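Residue-level listing of the chains:
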Amino acid sequence: PIARSNEPDWYGTQRYAIEQVAALCQEHDCPLLIAGDLFDKWKQPPATITFLISMLKEFDTVIAIPGNHDLPNHNYDDMEKSAYHTLVAAGVMRTIRPSDHIRLPDYSNVYGFPCGFNPPCEMESTEEISYLNIALIHSYIWLEDKYPDAPEEARFDLYSHKKLKGFDVACFGDNHAPFCHS
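This section reports on the structure supplied with the text.

About the thresholds
- Residues numbered from 1 in each chain as written.
- Predicted model: local features only at pLDDT ≥ 70, side-chain atom pairs only at ≥ 80, totals over all residues.
- Heavy atoms only, no water.
- Pairing = 2+ DSSP bridges.
- Helix = DSSP H or I, 4+ residues; strand = E, 2+ residues; numbered from the N terminus.
- Phe/Tyr/Trp six-rings, centres within 6.5 Å; stacked < 30°, edge-to-face > 60°.
- Axes fitted to C-alpha atoms, helices over the stretch in contact; angles between N-to-C directions.
- Core = buried A, V, L, I, M, F, W, Y, C linked by side-chain atoms within 4.5 Å.
- Buried < 20%, exposed > 50% of the residue type's maximum accessible area, 1.4 Å probe, protein only.
- Contact = heavy atoms within 4.5 Å.
- 1 Å grid on protein atoms, 1.4 Å probe; cavity = no way out; pocket = protein on both sides within 12 Å on 5 of 7 lines; lining within 4 Å.
- Points joined across faces, edges and corners; volume = space filled by probe spheres on them.

## Digging into the sheet that holds strand β3 (residues 94–95)
Argument step 1. Sheet architecture is open: three strands sit in the order β1-β2-β3, paired in parallel fashion. With partners counted over all chains shown, the strands left at the sheet margins are β1 (32–34) and β3, one partner each.
Argument step 2. Note that β1 and strand β2 (residues 62–64) share three bridges and pair parallel. In the sheet register, L33 faces β2, and the bridge partner there is I63.

Here's what the structure looks like:
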């Protein structure tokens, strides 16, 4: 992106940041979860894809959902044409299909809601063992600061009341500004 044009060693800077995250995942024995927008555009230069393939090999487990910038024309059905899908095909990350989940060996379930898909009003639990249910959601949700045209129903407290019943943790992509709320 244009924002990196002043960075003399963009790949080196990114490598440093990714290595820090990899060390944290290793230290805490946890997967890397990506809630979409791994890329700024769905079509990436081969050098960027190759760089990410080599970096994601640093992680034991990478689970992701595609965001709007990862999908051609923001269309989930065209995901196979994207750089995001190349990472999945290379085997360095797993993707979660809409409303599906991946069970982790630590008694966690990671549910995926890519760009254009929302969680159900209430997740049904049929598990005999108490699992930690994690939702990866690519949707713009706001807590206090918001974009000027952000809809009121995207306010976190309204959204969470309607869409997050049954989930213990939710990770949102598309916000471009981090926040934590419990």
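## Brief notes about the packing of aromatic side chains
Argument step 1. The final tally for this structure, using the stated rule, is eight aromatic pairs.
Argument step 2. Ring pairs connect the aromatic residues W10, Y11 and F51, which therefore count as one cluster.

## What to know about the sheet that holds strand β6 (residues 132–138)
Argument step 1. Read across the sheet, four strands follow the order β4-β5-β6-β7 without closing on themselves; strand pairing throughout is mixed. A strand with exactly one partner marks an edge of an open sheet, and here the two such strands are β4 (101–104) and β7 (169–173). The average angle at which neighbouring strand axes cross in this sheet is 20°, direction not considered.
Argument step 2. With five bridges connecting them, β6 and β7 associate as parallel partners. Across the sheet, I134 pairs through a bridge with V169, a residue of β7.

## Let's talk about the nonpolar core
Argument step 1. Core analysis: the largest hydrophobic core is formed by 24 residues, its most contacted members being L32, L52, L56, F59, V62, L87 and M93.
Argument step 2. Listing elements by their share of this core, those giving two or more residues are α1 (10–28), β1, α2 (46–56), β2 and α3 (83–89).
Argument step 3. Tallying contributions element by element places α2 first for this core, with six residues.
Argument step 4. Sequence-distant contacts of M93, defined by excluding residues within four places in its chain, comprise L38, L56, V62, A64, Y84, L87 and V88.

## Topic: unusual backbone geometry
Argument step 1. Of note in the backbone geometry, D29 takes a positive phi value of approximately 50° without being a glycine.
Argument step 2. Secondary-structure assignment places D29 in the loop between α1 and β1.
Argument step 3. Phi at D174 takes a positive value of approximately 85°, unusual for a residue other than glycine.
Argument step 4. Inspection of the secondary structure assignment puts D174 in the segment after β7.

## Looking at the layout of surface pockets
Argument step 1. Size it by volume and the largest pocket reaches roughly 830 Å³.
Argument step 2. With five residues, β7 is the single largest residue contributor to the lining of the largest pocket.
Argument step 3. Here the second largest pocket is characterised by a volume of approximately 470 Å³.
Argument step 4. Around the second largest pocket sit 19 residues that line it, and W10, Q14, I18, L38 and L52 are the ones nearest its centre.
Argument step 5. Listed by contribution, the elements that provide at least two residues to the lining of the second largest pocket are α1, β1 and α2.

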